[in-house]
Every structure is written in C-alpha cells, then in structure tokens.
Amino acid sequence: TIEDRVLWAQLDVARYASAQKAMTPHVKVAISSQIPESKLRVALTHRLTSIRVLGFQAMHAITTVYDKSIDVEADLWRYSLPYVAKSTDSKEYTSVMLQTLIAFLDRFSQSQSKANQNNYFQSFIVDFLLHDVVVKRGAYPGTAADKEGFMLSLLGSLLSFVTQDQSFNIQTTVAKHGIVFNRKRSSEEETTMLELLNAFFAPEVFGALYSLLFSIWDSSRALAFRFLSKLVVAGQVNKISLPPEFVSNKAWGSLKARGIYLASSPRQREADTGSRILAFLYLSLDGPKERVDYLQSLMNLLKTRLKDMKDHLRSILDGQEKAIATEKAGALPLAHGIIQAIALTVEHRKLDAAHATPHSTVDHSNIYDELLEILIEAIQVSLAVVADVREGETVEGVGNDMDFVHKKDRGSSVPLNVNTGAIGANGTFSSVSAKDDLEFASRLAVQRVVIGSWLLTKETCSCISSVISAIGYRAQFDVFERIGALLISTLTTLKHAGAAFAARDSLQVVVAVALGAAYDEKILELPTVWAKRLIAEISTSDKVRDSTLRRSTGYALGFLAIMRSELSRKQGSPKISNHILDTLLTLSLPPEERIQLMFQQLNLDDTKAGVNSFFQLSSGQGASFISDANYEARGRVHALNVLRLIILDAPLVSVVSPMVGSSMVSAILGYDDPSWAVRNSATMVFSAAMLRVIDADKNASNNDRTSSNAITMTELFRRYPFLSTFLLSVMKTCVKDESLSRTERSRVFPIVLLLSRLQPISKSGEVSVGSVEDFIGITLECLRNKHHAIRAAAARAVANLCSESTKYSKICLEMMSESLDESKRDWNAIDGILMCLQSLSASFTISTENADDLKEGLLKFLVPNESFRSPPSCTATAIKILWSISSDQQVAEDSTDLSIKVSQACEKIVRHARISSYVGGSDLHAICATIFVEILDRSIWSPRDENEIKNGLHQLNGILSSNIYDVKLAAAKAFKKRIYSRVDELLTRGQSLEEGSSVPSSSQILSMVARTLLSAIERELSRDSGDGSHPPTVRRLSRCFLECFYGWIELEGTDGEGSTCFLSPSELGFLWGAANSIAEKESLFDEEVEECNGETFASSNAVEMMSVALSTKNAPVGGFNLKERMNAFSQIIQRLNDPQASWRSRHSASLAIETSGVLGLTPETCSAAGIQNIREEILRQTLGMLQDFDPDVRATATRALHQMRNSTVTATPSQLPQLMLEDTCLKVYSSAKMESDVQSTVGHLQATLVQNCSGLVEAMESFEGESSKSSGAISSDLGLLNVTSSRKIFEQEDPNPNDEKVLATQLAIQSLLHLSKNVAACEMVFPDEIFQQCSVCMEILGRIATIGGVAHDSTRFPFIFPALHGLLQTVVLAVYLGAAINGSELQTMAQSIVDKVHEHGSASMHPEILNCLVMLSQAASENTQTREAVEKSCFLLQR
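To start, this report covers the structure provided alongside it. (Residues numbered from 1 in each chain as written. Predicted model: local features only at pLDDT ≥ 70, side-chain atom pairs only at ≥ 80, totals over all residues. Heavy atoms only, no water.)

**A closer look at the overall build of the protein chain**
At step 1: Regarding its fold elements, the protein chain presents 64 helices and zero strands.
At step 2: With 1439 residues in all, the protein chain has 57% of them scored as buried.
At step 3: If you take every contact in the protein chain between residues at least 6 apart in sequence, the share linking residues at least 24 apart comes to 76%. (Helix = DSSP H or I, 4+ residues; strand = E, 2+ residues; numbered from the N terminus. Buried < 20%, exposed > 50% of the residue type's maximum accessible area, 1.4 Å probe, protein only. Contact = heavy atoms within 4.5 Å.)

**A word on the environment of Met 309**
At step 1: Checked against the element boundaries, Met 309 lands in helix H16 (residues 288-318).
At step 2: Classification of Met 309 by relative accessible area gives buried; the value is 1%.
At step 3: Sequence spacing of Met 309 and Ala 331 is 22 residues, and the spatial spacing of their C-alpha atoms is 9.6 Å.
At step 4: Apart from residues lying up to four places away in sequence, Met 309 is in contact with Leu 332, Pro 333, Leu 334, Val 381, Ser 453 and Leu 456.

**Quick notes on the state of the cysteines**
At step 1: Summed over all chains, the structure comprises zero disulfides.
At step 2: Not engaged in a disulfide, the cysteine Cys 1253 finds its nearest cysteine sulfur in Cys 1337; these two sulfurs lie 8.4 Å apart. (Disulfide = S-S within 2.5 Å.)

**Observations regarding the packing of aromatic side chains**
At step 1: Enumeration over the complete set of coordinates arrives at 35 aromatic pairs.
At step 2: Ring centres of Phe 200 and Phe 227 lie 6.4 Å apart, and the angle between their planes is 45°; this geometry places the pair in the tilted category. Within this pair, whereas Phe 200 is found in the loop between helix H10 (187-199) and helix H11 (203-212), its partner Phe 227 is found in helix H12 (residues 218-237), the two being separated by 27 residues in sequence.
At step 3: Ring geometry for Tyr 210 versus Phe 214: centroids 5.2 Å apart, planes at 70°, classification edge-to-face.
At step 4: Connected via pairs of aromatic rings, a cluster forms that spans Phe 201, Phe 206, Tyr 210, Phe 214, Phe 246, Phe 280, Phe 1263, Phe 1357 and Phe 1359.
At step 5: Its guanidinium or amino end placed over the ring of Tyr 79, Arg 41 lies 4.6 Å from that ring's centre, counting from NZ or CZ.
At step 6: Of note, Arg 291 hangs over the ring of Tyr 282, and the distance from its end group to the ring centre comes to 4.9 Å. (Phe/Tyr/Trp six-rings, centres within 6.5 Å; stacked < 30°, edge-to-face > 60°. Lys NZ or Arg CZ within 6 Å of the ring centre and 35° of its normal.)

Structure below.
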C-alpha cells in the first residue's frame, strides 16, 4: 500500500542519514515527528520483511534522535525479536537482521561496561536471547522450519560475537568482518564474555540443540550439528566442560545405543539423526586416545555390519519361499548411518586443526588406511545390489565375493541386479495401499534392500572424500586406484541420480588430492588413467553401452569431476581436460569417409588447411577422424551428450570456450544423421553452445527478441574464424540444391536460428556491417523455404543482419511482387517475405516512404477477390504489419483511415467461421481477434461519452461470446493482458470529472465493463452439451470481472451495501449462478477431495465471484437464500485451503473470505439466517490461513479476521501489524461478546485442542516400542538393527513448513481463559476423549520417562512434544474451570512422574513438559495461581 511505501521511505531516510553522518537538526526533527516510537514498533513487527529489516537497521538512528538510552533500544529488541524469526525470504533477511543485532550487542557491551552494569547486558543475552528467544520460543520440538534456521543462525552469531572469532559462525552470510570482531575489548568485557560463553553450555541449551537433531528438516539437523561442533571446540579452547547430563558414563552409553539404533534405520531422516548423535559422542571425548578408540569401535561395528549384510543378501536369494526371503530382507542390517557418523568425525578434525586443539596433532594415518579398506568393501556391496548391468557383464572394482546370485546352470555368478525402477518413485510407490499385511511387509523388505544399498553408496562416497582429503593423510597408490575405479563404476552403472552425484563429488575430491600427491608419481598419473577409462567406455565397441541415466549423465559427471579438479588447481596447462575435450570432439563426429563426403558436398574439401581445420583441437592442430570400421553410433551419442553438459558447466568455461565453435560444426553435421539419437543429441549440443556463446537468454523464444548480452557477428567470427566459411557453405549448398531430402534441410534451421540470436547489426557498430553481406543474400533466399520454421527464423535473422530497413523492405516487396505473379505464384515465399517485413517493421522505425510502400503492397491482402485469395497465414501477417503502421502516428498521416480498414477486415474475419477449417485459419482468427480488442481499447477505457463506451462494449461482448474457440480465447487473452494497466489508470484518474460532463466516471466504466464480462461468462457457461463451455475462456473472463470489481472497491469503498452498487440484484443472481456452475464443472462439491490448482483451473475465480455475490449481505436473491449460499461458499473454501494446493488457490480463498465480509456479520444476523456453524467453519479456516506458508495468504487472512473487531471500519496497515499472529488471534477472540457467539467460539476452540492432540497416543506407543530396543543395549545387540514392520520407509511429509501447532494450541488455551469470564464454568464442558487420552499418555510417560535419560526422552521428539504439551495444558485448564473428569487421578499420575524425573535428573524431560506436569499436579479449580501458571505455560504468547 501507499502507507507501506511511505513508512519504508521514512525508515530508509533515517538509516541513510545516520550512515552518511547527515543527522542535522532539521533531519532529527523530521525523523522524531514522522517516526514516533509507536510507529517504529509497528515497523519492527510489520508483515513485509523489507520494512522489518529497515526498521531494525534504522532503530539505532531513530532512538538516538529520541535522546534515549541504549536501554530503550534493548527494550525494542525484546519487544520484536521473538516474532520476526518466521520468514520465507532468502538468507539475506537473516543476514541483515543478525548483523544489526550483533552491532547493537557490541554497542550495548561497551555502554554497560563503561557504566559498570554488565549484569543487565548478561541478562539480555542469557535470559532473553538464549533461554527465552532460542530455547523456549524458537528451538522447541516441532517448531516451524524458518524458526529453526533463524535460531541456529542466531546462536552461531552469538557464539562468534562472544568469542570474537568469526570462524565460529555456522553460516558465512550471517555476520561481516568489521569493528565488532577487530575491536579490543576491556578486561571487564573479556570477563563478561567468558561468563556468557559458559552459559552456552547450560543443560537447557544443549537439550534444545539435541532436540534439533531430531528435526524433520534436513537443513536444521545439519546446522544444529555444525553449531554443536563449533561450540564443543570453543569449550575445549576455553577449558569449559560439557554438561554431565550428556557426557556422564550412563548418559554416554544411552546416547550411543540410541544413535546406533537410529543410524541403522532405512529412513534417511532417522539415519541422519543417529549418525549425528554418534558423531557428537566423538566430539564429547576429551582425550585423543579416547577419540581414537571410539572411532575404532565405529569402524569395527561397520565391518560387522557389512559382513552381516552380505550374509543376509545371500540368504535372501537362497530362500525358496517368498515369506522367508521377505523375512530376511526385512531384517537386512544397514550401514549407511554408521558411515555418515564416521565421515562427520573425520570432517571434525579439520575444525580441530583450524583452532589448534590438542586433538589436531594426533596421527590417524593407520586408522584411515583401515577405514578406506572398509569403505571400498562397502561400495562394492552396494554396487553388487543396485548396479545396472546386463547379463554377462561385470562391474569393474567389484570382486567375485560380492556375487550374490548363484545359478546352477551357469558357471559364473552375476550381481543381484535388483530392478530399481518402481522403487525409485518413492512417494508414489509408498502411497499405494497394500492389499494385506504380507504384501505390506514384502514392500518394506524390498525397499529396505534397495534404499539401504542406495544410501550405502551415497554415504560411502561422501565418507571416502572426507578421508582421502583429511589433513596430513597420504593414501597409497593401490587405494587411490581402487577407489577411482569404484567411483567411476558407480557413475556408469547406477540409476539413482542422488548417489551418482555423490559419486561425482567424491571423485572430484579424489582427483584433486591425486593431482596434488607429489609424493608418488604413479598417483599423479591416475586422473589421466581414469579419464582414458571413461573415454574407452563410450568409444570402444566391446565396452560401449546405453547409459543408465538419461543423456549419458553418469559419464558426463565423471568427466566433469576430473576437469573441475584439474582446473581448480590453476597450475599450468590443463592437459587432462584438453585431452578429454579433443577426444570428445573427435568422437562426436561422423566417420572419416562420411565426413569427407559431407565436406565435398559443401565444397569445402579443397580448402587450403583441409577438412580437419574446421575442428580445432587444444594443440592448435586439426582433428583426426574415426575410421568407418571403428565408428560406434552409441559412442557418438555419448560424446555429444557429454559435450553438452561440459559446455553448460560454468567452472569449465575457460577451457571449453575455445572449442565451442568446433562443437557447433559437429552438431550441425549431426542434424542429417540417419540415427534419431544422434540428431537429438546434436540438437542439444547446439542449444548448449547457443546459451554459452551466442545469447544466454533462456527465455528468448518468449518474445523473439535478442537479449542485450548477445554476441556480435564480428566477435563470433573472430573467436572462431572457420565458422563463417562453414555456415555460409552449408546455407548455400542446402538452399541452392533443389533435391533436398528431409534430413538435409534441417541443417539450415540451426544456422538461421543462430543468425537471429546474434546482436543486431544496427546495435553492434559499423565494424560488423561488412561481415554480413554474404549472409543477408542467402538468408533472404531462405525466406522461400517450404518449411515454416526455417522461414520464420530466416525472417528474424534478416532483421538482425540489416543495418537499416528501407533498403531491405523494398527488396522484400520486389521479391513479393515477383512471387505474386500468377504464372509462378509461390505462397511459401510470400509467407516468408511477409514475416520478414514484419520483423523489419518491429526492429526499425518505419519511415513515411517505407510505410506508404508497405500499405500499397499489403492492402490487397485485406480485400480478397476472385483473382487473389491469400492463405490465412499470409493474411494474418499482412494485417499485423498494417496494424503496426496504423498505430504509429509519426509515419501514417492517414492512420485513421488505415485503422478503419484494418478494423473492418478484422471484424469480417472474426465472424467468418469457415476460416478455421483452412491451414493457418486458427492463427488468423486469433490475430484478428486480438487486434480487434486493441482497436476497441480506447473507446472502452477512455470514452468521450456514454454512447461510445456502450457501442464498444457491445462489440466486445460479441467477440467474447463468439462461437469460434480461437476468436473468443484470443479476445479474452488480449483483454486480460491490458486490464491490469487500464484499471490502474482509472484508479489514478479517480472520480474527478468536470461538472456536467458526459464522460462516464471511473467507477461507472468499471461497472459497465463488469456487466459486459458477466454477460459473456453467462453465455459461455450456458452453451449446450454439444459444444460445451471453454474453460480457458471462462477462466480469463472471470479474472477480468474480478479485477473490475476490486478496482471498483478501491474507488468506492464498502458503504455497507456491499456489491449492490456494483451490480443489480438480478445480476448478482446471475453472478452466483455462474460461480456455482464453474464450481460444479471443477467438481468442487464432490466428496472425494482432490488438489485444486488455481493456476490451472477456474476454481479460484469461482470462489472470489461467490464472495462478490455474498458481499451484498442482503436476504434471499435470485431464488437462493443466504444459508444455502454460505454452505456452498464454505465447502469451496475448505477445498481450496489445502497446503498441497497451489498458493493461488489458498490466496483466492482468503481473499474471498475478506471480500464476502462474512466474518464481520453480527451474531444476531448469523442466528437469524441460521449460519452460525457455517461462519464458525469459515473462521476456523481463516485462522488456519494465519500460519500459511505464503505471506500474501497470511496478510489477507489477517485483514479478513479484523472485520470481526469492527465491521464498518477498515483498519490501515499501521493499525494492523500483520506479522503479529498472536495479537491478531487474541483480538479476534476478544470480539466475542454475545452469549451465542461466545458459546460457539468456545466449541470451536475446544475442537482445535482436540484436533491438535490427535495421534498422540499412537506416536507415544510407537516411540515406547522403539526406545525399548535401544535403552540399555550395547552396540552388538540385534535390537539395534532398527527393524520394524509397522512404519513405512517413506513417511508422509508436512506440506506446510510454516505451521506451528503449539502456537494454535496456546492461542486456543489463552482465548478460552479470556472467554471464561463470559461463560459459566458448568458450560465449559470438555470432551471425555481429552481426559482418556491424557490418562493413557501419562501411563506411557510414566514407563519411559527415565529409562534412558536424555537419549530416550520422548518429550523432545517433534511428533510428540506439540501434542503432549497442548494436551497437558488443556487438562490443567479443565481443572481450573472445574470441568475435568478424573482430575484428581490425573494429578496423582502427574505428581508421580514429576517425582521420578526429579529423582533421576530433570534433563531427562523437556522443561516445558515438566512444568506442565508440575502445574497439573498442583492445579485447583478457580485458583489464581493455577490461572497464572496456565498463562505462563503459553510461552509463545508472553511479551
């Protein structure tokens, strides 16, 4: 809004004035008057992140103007920081926010140190930032993804600030180098900082970090572990011990068992958590020997797992019955999590070395030698299962002991070779319901084998790269050799793209280390050997095979890894890369005899330098060619595919650029190959070369315009001198040869396409003009080609190659005159010439003389007669040219006359239905309809009087209601394309008119246009079943109608009568019927819910149209009563408000709720119409939208909810800080005053609590069953294999990462407390299921609360904490209200659990759950302390 923009500008002025030291007295007075503290608070919690960020950046400057102490700035941070963490913006938002916070903390530290008030500063960081913002509000289990990321970045920034060491930050984008990290601190500050560092090691902080290791978000787990690693190092450097709750012998053992159990899971998220727990245990060890022993124990465990895995795989295949094989496969030991844990420990040594800890001096060479041998075996096991090999083939690097399938009728073994195709469709495969338990178990078993093997490959590759690049470690030649061979085998035989990319990354590291291994010359040569192996696999006839991944990706990844590593060293000439490129270029060409014949046909075989001069190698010499005997078509396809990926790879641009020209020659030669695979790959190489060298605009085809960054022709031929001769020869040969075959003419197309994408000669200087003459002539000949695509590209190319248009327009007109001769009329040539004239007129300013010539030559196409009837495509192009001339007032004095002729021709054509049956007729209809709508544009949006707009709308209605699909669709598109700008112009113009003017006002224009659109919609929807309505047309027309309505609302506002001034009552009835009809066609009323995509279907428009009809707030209209309408409206809102649907659908639903005004209806009105329950359902949907992932949905829902506060006053954004979800909800519930409204709201809130606690018992029972297998276990126990037949491997993901169930629950709890003042306690009855569920959960909690310390704490699990915390709060609230069933029994159980936890240590339970249990045990009816405790337990709502 304008108010938002003003606020943004004011804040930016304050920030900029402070940064430029321009705070003059006048500026200070202006800032203090325009940005009072209340307005600054709004900015700090604004829904727009741009305003929020500026508010924090300008905060110091503004508070300085107030002449207030830094304590005021601290209070502002306390007020706003807890509520700004959830943002879907980029990392830049977090970065700027935290830079500003760290700068403030540095000023705060200096100020408090000088005043000798460090206690307040410490309290701000420890009590507020660490314990309140991070531990309590931000890092609780089950919070939103954005919150977790922000809080972890905040912790990293605080740690780097306290230690004054930038390397302790976990994200490089968070804080910049500056005075904060370079300033010398006073001794008092140093003492304070050491005390603050100790606060990071409090059990509560570690408990929060441990909880984040269980996060459902991958990035949160990775960031949490990264911070833990750096925190441990900071503690070791400063001699601070870790909390005993995590490192005591008992806790350590429990954590190890828990970590092994989770690391053994086939679910990647669980395995990742387990691996990080195991790696944390490594970090927690102080002694170097202890760490070595622990690492050795993990390696021994890995070795055992791999052995067991091989034994199980053999047993699976030996089983004669399916049930036996399923049982064995379902219990397959998995090792990928253990490998990931080892990799994390190896990577941590780099952090130790960076900070020179005592651990960095220990030599791990012997351990790493042994570890690499184990990892080699691991990758062999995985390849033996999932490598894609044909019968009789073997995988290089995989030994005979890995062959698991033994056939009696064969003398040799073959790999397991599981068909992984169906398993790859993870979500789809797992979503199909199994018919019985046996089938479900069978699926889990197959998935465990395949997914476990894939993950084993992926994690092994990552671990290999970590070990091979470890600081101070030198691997031996045979290890390098075997690892390289296995990684290449992985790339070339695996179907899993994720594992293939992991292998690529690993190979890249291995090659980089090998190239730097000066201690062994044989290792230095290995990258060359590996490159030759890859080349042999795509060129040697006995090795070449079809790629397992599409477009030869596996081979390409191998080449990319080698080339990237070599170039990254920046040492001398990249010999390996040059050899690879030279060989690939050679392999991408046809065999020698064929290429000689091709160049002979092109008249290029007698060039001075020879044929091979067109293929420049890195040595500067020409390429040699493959003999016909050694030519392999599949090898050529692989070479072209690999070339494509190499050309597109940005890190390789320096070495690839010199040979792109030769690649283009190779690609063009491939256009006439008899093999489709070669032609397809050649096309992709040419496309890649175009993007890399010619024009990097990927969207060029959308507007047929060359980007400003395109290369000039002069520069192109300077880089690749041979390209000019080659392209010209190909064009001349193909154009002049009249006996062209289908494949030969395809060579011309890429060349004219290239010429059309070059920088226009008119913009690239005179030096380029001389180099195009030869190309212009032959390109003009291409205009006669019989293929439309070539003619179209040639037309654009001519315009690109011309320095001015007049000369070539005359040439084209002469060519057209010649082609129009009846004796040799050539419509292909005429079509191409017309397209060329259109391109020339679009690219250059048309002179008056040129315009007259064009009119004279083209007017005949508008008035066909018996002697001259042009094809539709020619007529369409001629009309477009004439319309562009008539629109240019500078060159057409009689433009009005020409415009009338064009208008008459278009009107006649759009009424001619038979044209659609001709080739090109659809395009002609669409073009004429578009031009006709453009002609009507002025009379509709800028009419001179009412008659003019009525006449224009009458004509518009006729074309929008046409029976010809192409006409009405093109007209709707053209009208929709302009409506946004036209409505904005009307809004800018406003309602200002001279008195007595006959010109309609802006609101009248919008209303009249809307009526016309509604008529067209009604006509379209009422078509009989034979033709049926046309959904694309309906969607566009309905959108245009809605834009008119929203523009009208902006002009007129809402005066209490809603849309009755916009449309008449009968028209509102038509509107409702149209919206209802669209909803029925989109099946929105069906019981089976399917995803609705507002971006594709008209569903979103339908619900908004319904809201316009409902906003009348009147009694029954058009045969529909309010209750029926509201019921239909509510159904569609529920369908569209789906997190898995498009954001457009959800935004339309929220906008419809706001437009309808249904939430602003009084309880009396709802009661009279009988819509109380419907309104409550819409309210529930709206409240859910407040936590939508899309910020626009949240903002619109907030505006809708504020209608409940005052249905007649529209609040401005400054009155509604829309980020503040907590304030919004509480204000909404505080509006419930009437008794009926209060009772209905209470029921809604209780339903919210029940819903948010659903599934808790099942989750706790599952946790109890799994934790029982690892509590008290040792690493060799079979129970740690994480075998379960009840949970899917691919579990359902949360579609809304912004949703916080804890927040919704706490809002409901606090609102019920507030509403209890207006309702008698006996009326606040809670469902029995709440208390039954609480009893069961506390029984389970009592059994598992202390069995394994923090390691087996269920209350820190993200699927348990939100529901359990809400359930306990609800029961306490019921006790307080006197509505609890079996309250005393539940209180006794709570006290028992509390006593047990206190006996074993409070760290074994999340502090907020423990507080709730204490609160429940001490709760009493109508007790003030109980009420205060309930309010305090809503930790997200405390301010």
